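Structural overview for review
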There are 2 protein chains.
Amino acid sequence: MECPTSAIPFRIGDKWTAMVVLCLEDGPRRFTELRAALPRVTAKVLTETLRAMERDGFARRTDHGGNPPHVEYALTPLGRSLLALVDAVREWTARHLDEVLAHRAADSAVPRRDTAL
Amino acid sequence: MECPTSAIPFRIGDKWTAMVVLCLEDGPRRFTELRAALPRVTAKVLTETLRAMERDGFARRTDHGGNPPHVEYALTPLGRSLLALVDAVREWTARHLDEVLAHRAADSAVPRRDTAL
DNA sequence: CAGGATCCCCACAGATACTG
DNA sequence: CAGTATCTGTGGGGATCCTG
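Here is a short report on the structure shown in this document. These numbers were taken from a predicted model, which means no experiment stands behind them. Counting starts from 1 at the beginning of each chain's written sequence and moves along it residue by residue. Whichever chain is written first becomes A and whichever ligand is written first becomes 1, with later ones labelled in order. A pLDDT threshold of at least 70 governs which residues receive local features in this predicted model, and a stricter bar of 80 or more applies before side-chain atom pairs are shown or counted, although totals over entire chains, interfaces and linings include all residues. Note that water and hydrogens are dropped before the side-chain values are worked out from all heavy atoms of the structure.

The environment of DNA strand D is formed by 22 residues, the closest being T32, R61 and Y73 of chain A together with K15 and K44 of chain B. Close to the protein, within 4 Å, the atoms of DNA strand D are drawn from sugar and phosphate at a rate of 74%. Counted as a polar contact is a pair of N or O atoms within 3.5 Å, where, for protein atoms, one must be capable of donating a hydrogen and the other of accepting one, and residues adjacent in sequence contribute only when both atoms are in side chains. At 3.2 Å, a side-chain N or O of R51 of chain A approaches a phosphate oxygen of DNA strand D. Measuring from a phosphate oxygen of DNA strand D, one finds a side-chain N or O atom of R11 of chain B at 3.0 Å. Of all the secondary-structure elements, those providing two or more residues to the surface near DNA strand D are α2 (31-37), α3 (43-55) and β4 (71-75) of chain A together with α3 (43-55) of chain B. Numbering goes from the N terminus for both helices and strands, where a helix is a DSSP run of H or I of at least four residues and a strand is a run of E of at least two. Looking at the surface near DNA strand D element by element, the count peaks at 3 residues for α3 of chain A. Nearness is judged by heavy atoms alone; a residue qualifies as near a molecule or strand once a single heavy atom is within 4 Å of it.

Surveying the vicinity of DNA strand C reveals 23 residues, the closest of which are K15 and K44 of chain A together with T32, R61 and Y73 of chain B. Considering the 4 Å shell around the protein, atoms of DNA strand C inside it are sugar or phosphate in 73% of instances. Within the backbone of K15 of chain A, an N or O atom sits 2.9 Å from a phosphate oxygen of DNA strand C. Within the backbone of V71 of chain B, one N or O atom sits 3.4 Å away from a phosphate oxygen of DNA strand C. Counting only elements with at least two residues in the surface near DNA strand C, the list comes to α3 of chain A together with α2 (31-37), α3 and β4 (71-75) of chain B. The leading source of residues in the surface near DNA strand C is α3 of chain B, at 3 residues. The classification used treats Ala, Val, Leu, Ile, Met, Phe, Trp, Tyr, Cys and Pro as nonpolar, Asp, Glu, Lys and Arg as charged, and all other residues, Gly among them, as polar. Here the surface near DNA strand C is built from residues that sort into 9 nonpolar, 5 polar and 9 charged.

Pasting the structure below:
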């Protein structure tokens, strides 16, 4: 249970999409800002996540050009529509996660399988 | 887009957990009933999914013994609490999926990557 | 009927190194 | 700064066959 995402029984799109959505909730962010906010995500994976989000219309990439480069990512309205879902998931997790964990611990006869949850 | 689940940008627990939750919504079901309802899931995977759901306290397995065997699976209250979430996801999908697909099609410059969504 | 046992594959993700 | 390129592995999920 080292990785916090492994304790969340839900996934939206790619593994990190939900986290990125949350990071963009309060407005546009630069690539490096996202990296800092998500230290567990490598640049490659973050890039892939953002590309997928772009492709699906969840996020918009804006290249402000110049040197050094300046790129910003922002949620589209469609991306914002995910926030409600993410919040519902968070609320569920806050409310029931310990119940799940307790049940797992009790049920330790079952050999570990470490699912996404 | 052959597999319907590949069009759903959300996952709960294992890949098929959400579907199983829905199949159990209206009451207990036998293993074979679940198999029939979920033709795309192999027995092995369904078993794994159900074991994980048991382990997490989402479902309860009841062996009525006898021969031929008779086993039933039912949602626990915790498992039922997932229904609201699953419904929220379904509603989101019903409302926005075509938007996502349209955006993808438009954006066909981006090479396919076939994410979970 | 309700599965267990095996074998296999590849998509996801991580590490590391390099660049306009 | 904002990525790309490359290599690698791992485990979730599928196919197939077998059994109490």
